[in-house]
Amino acid sequence: MPAMGSMSCKIAIVYHSAGGNTKALAEAIAALLPEAFLYRMNEFDLRTLPDYDALIVGTYTWGNGELPAKSAAFYKELEQLPIARLKTGVFGTGETNYNHFCGAVDHFRDMLFAKSQLLVTLKIEQMYQESDLHRLQKFASLFQN
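The text that follows walks through the structure, step by step, so that each part is easy to find. (Residues numbered from 1 in each chain as written. Predicted model: local features only at pLDDT ≥ 70, side-chain atom pairs only at ≥ 80, totals over all residues. Heavy atoms only, no water.)

### Considering the sheet that holds strand β4 (residues 87-94)
Inference 1: Strand order across the open sheet formed by 5 strands is β2-β1-β3-β4-β5, with parallel pairing between neighbours. A single partner strand is all that each edge strand has here, and the edge strands are β2 (36-40) and β5 (117-125). Each strand of the sheet is rotated relative to its neighbour by a mean of 15°, with strand direction disregarded.
Inference 2: Pairing of strand β3 (residues 54-60) with β4, which is carried by 7 bridges, proceeds in the parallel orientation. Across the sheet, the residue bridging to Y60 is T93, located in β4.
Inference 3: Most of the contacts of helix α1 (residues 21-32) go to β4, to which it runs at about 140°, and overall it touches β1 (11-16), β2, β3, β4 and β5.
Inference 4: Strands in contact with helix α4 (residues 133-141) are β3, β4 and β5; relative to β5, the strand with the most contacts, it is inclined by about 165°. (Pairing = 2+ DSSP bridges. Helix = DSSP H or I, 4+ residues; strand = E, 2+ residues; numbered from the N terminus. Axes fitted to C-alpha atoms, helices over the stretch in contact; angles between N-to-C directions. Contact = heavy atoms within 4.5 Å.)

Have a look at this one:
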């Protein structure tokens, strides 16, 4: 396997977005990782996961901290795969006025912590702002070492 940060490191950024906030965040992270490939969650074939060195998952949160249906289906499939060698990260958008801010991020975080090499999580209030850029850069930098 290539080392993280090598020119041949392959990163899949897989996201699910409804209102566009998570999509914008995924695109911003992808712009910081030129070696990354960006996919909508329903377009990513999990059978290709062995081709990647890292997986970054993005989702919004539904209801009171729940995974949206498409994210839940992806979660269930991913949870069954042997991903111990993968470097992973998870990001998401949500609203702090809910009891479980970005609860879907927490669901993925817990599973990825147990099953992979989880490097980082990132939670953003609704649409990321310029003031969040340093957090995005720090998030992305962990996949460049």
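### Section: the side chain of T22
Inference 1: With respect to the helices and strands, T22 occurs in helix α1.
Inference 2: For T22, a relative accessible area of 1% puts it in the buried group.
Inference 3: Each residue touching T22, except ones within four places of it in the same chain, is listed here: Y15, H16, S17, G58, T59, Y60, F91 and T93. (Buried < 20%, exposed > 50% of the residue type's maximum accessible area, 1.4 Å probe, protein only.)

### Structural notes on the packing of helix α2 (residues 69-79) against helix α3 (residues 103-115)
Axis angle and axis distance: for two packed helices, these are the angle between their axes and the distance between the axes, and together they describe the pair.
Inference 1: Interaxial distance between α2 and α3 falls to 11 Å at its minimum, and their mutual angle equals 10°. When the axis of α2 is compared with that of α3, the two are roughly parallel. Contacts between α2 and α3 involve S71, F74, Y75, L78 and E79 on the former and, on the latter, H107, F108, M111, L112 and K115.
Inference 2: Of the residues contributing to the contact of α2 with α3, the split by class is 6 nonpolar, 2 polar and 2 charged. (Parallel < 35°, antiparallel > 145°, perpendicular 65-115°, else oblique. Nonpolar A, V, L, I, M, F, W, Y, C, P; charged D, E, K, R; others polar.)

Everything listed is a geometric property; what it means functionally is a separate question.
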